[in-house]
Amino acid sequence: MEHSRTRIIIDGAIAGLIGAVVVAVWFLLFDLIRGHALETPALLAATILHGSHSHEVQHGLTLLALEYSLLHFGAFITFGIAGGLLLEACETESSLLFSLVIFFVAFEVFFIAVVLFLGPNVMVELTWWGIIVGNLLATGAMLSYFFWRHPALAFNLLGGWISIAREGVTAGLVGGIVVAIWFMGYDFASGNPFHTPAILGAMVFQNASVSDRIQATLPLVLGYSILHFSAFVAFGLALAVLLAASEWEPFMVLGALLLLAVFEVFFVGFVSLVDQSALEALGWWKIVAGNILALIAMATYFIRSHRGLGVKLVERWAMLDHEGAEMGDPPPPPHEPGPSHTSHL
């Protein structure tokens with residue numbers, strides 16, 4: 001037991017290091033895209049450790065970033081160890097699962113609360129969605145490493161949800177790759193390599209319009225690619241959960257079909273809402289075609305694992321139709337006794 005506890009502590013610390021690296025790389029890309037490398041950790045160090053303002057960050061930028069990195073990695077290592085011990089405790093005490101959920105939700109909102117507490121100047125530099133994406137990426141990386149190192153613990157805690165999550169992540173990656181290949185092929189054919197992710201990345205990270213001269217840089221393309229695949233993985237997980245529920249209630253397939261329809265129109269609506277000129281530059285048909293190709297690829301992957309859902313849906317529909325027909329039949333008339341016959345001797 002002592003050896004197992006020591007191993008969990010070590011793996012929790014390593015998971016914390018992985019989460020810290022993920023967040024650090026995410027915000028490094030974020031700063032490089034905006035043209036201010038290391039600004040985020042330097043701003044946080046100046047505000048938290050020195051009480052300085054944002055205009056003083058440029059003095060000693062590297063030193064401030066190093067100071068915050070020490071605090072950042074120390075906090076993530078502590079969080080990783082605490083999360084590992086709590087995961088181990090949940091294996092023997094199932095009532096702690098709710099506490100585990102609260103623990104990870106608190107991790108997601110803690111950093112936003114700290115930034116809000118530090119004041120509006122910091123919040124302007126660190127967008128709320130950037131914080132959420134960074135923390136979600138770190139949480140996913142930490143849990144993936146820890147469950148990879150402790151598969152028995154993962155199975156005892158999650159059971160059948162492991163296969164559902166694996167299916168959803170795989171389907172999301174399939175869809176994301178299909179769309180990425182579609183856009184990349186179109187851009188290369190038109191002589192503008194990586195033009196599409198560069199435009200979309202500039203819209204998201206820099207609030208730039210298409211009229212601006214947007215160059216496809218590695219941080220810009222890589223940053224948008226992270227968002228792109230994260231969105232597809234989340235969509236794949238949602239579909240996997242709905243299809244798993246459809247095994248018990250086939251009509252949940254209709255919810256999955258509705259989600260597919262929402263996904264198809266969401267991206268076009270988002271781009272047109274942010275910048276109408278971007279939709280014209282990208283071409284709405286190109287976006288729709290890419291999404292349709294992704295949906296076909298994801299649906300093909302899911303069908304391989306849920307071949308019997310169509311039959312179950314038809315059987316369920318027939319059952320409800322039969323029950324409705326029985327409820328709609330008029331009740332039989334009451335039995336009326338016939339005339340009595342007496343025998344005469």
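Residues numbered from 1 in each chain as written. Predicted model: local features only at pLDDT ≥ 70, side-chain atom pairs only at ≥ 80, totals over all residues. Heavy atoms only, no water.

Scanning the chain for helices and strands turns up 14 helices and zero strands. What you see in the chain, going N to C, is helices and strands ordered as α-α-α-α-α-α-α-α-α-α-α-α-α-α. Across the 345 residues in the chain, those meeting the buried criterion constitute 36%. Taking contacts inside the chain between residues at least 6 apart in sequence as the whole, the part at least 24 apart equals 70%. (Helix = DSSP H or I, 4+ residues; strand = E, 2+ residues; numbered from the N terminus. Buried < 20%, exposed > 50% of the residue type's maximum accessible area, 1.4 Å probe, protein only. Contact = heavy atoms within 4.5 Å.)

The next point concerns the layout of surface pockets. The computed volume of the second largest pocket comes to approximately 580 Å³. Lining the second largest pocket are 24 residues, and of these Tyr68, His72, Ala75, Phe76 and Phe111 lie nearest its centre. Secondary structure elements with two or more residues in the lining of the second largest pocket: helix 1 (2-33), helix 2 (39-48), helix 3 (61-92) and helix 4 (97-118). Counting residues per element, the lining of the second largest pocket draws most heavily on helix 3, which supplies nine residues. Taken together, the residues that form the lining of the second largest pocket break down as 20 nonpolar, four polar and no charged. (1 Å grid on protein atoms, 1.4 Å probe; cavity = no way out; pocket = protein on both sides within 12 Å on 5 of 7 lines; lining within 4 Å. Points joined across faces, edges and corners; volume = space filled by probe spheres on them. Nonpolar A, V, L, I, M, F, W, Y, C, P; charged D, E, K, R; others polar.)

Here we come to the packing of helix 3 against helix 4. Two numbers describe a pair of packed helices, the interaxial angle and the distance between the axes. Contact geometry of helix 3 with helix 4 gives a least axis separation of 9 Å together with a crossing angle of 165°. By the angle class used here, helix 3 and helix 4 are roughly antiparallel. You can see that helix 3 and helix 4 cross each other, and the crossing is left-handed. Contacts between helix 3 and helix 4 involve Tyr68, Phe76, Phe79, Ala82, Gly83, Leu86, Leu87 and Cys90 from the former and Leu97, Ser99, Leu100, Phe103, Phe104, Phe107 and Phe111 from the latter. A breakdown of the residues in the contact of helix 3 with helix 4 according to their chemical character gives 13 nonpolar, two polar and no charged. (Axes fitted to C-alpha atoms, helices over the stretch in contact; angles between N-to-C directions. Parallel < 35°, antiparallel > 145°, perpendicular 65-115°, else oblique. Left-handed = near helix turned anticlockwise from the far one by under 90°.)

As a further point, take the packing of helix 8 (residues 161-189) against helix 13 (residues 284-305). Two numbers describe how helix 8 lies on helix 13: the axes approach to 9 Å, and their chain directions differ by 150°. By the criterion of interaxial angle, the relationship of helix 8 to helix 13 is roughly antiparallel. The two elements helix 8 and helix 13 meet at a crossing, and its hand is right-handed. Considering only residue class, the contact of helix 8 with helix 13 consists of 16 nonpolar, six polar and three charged.

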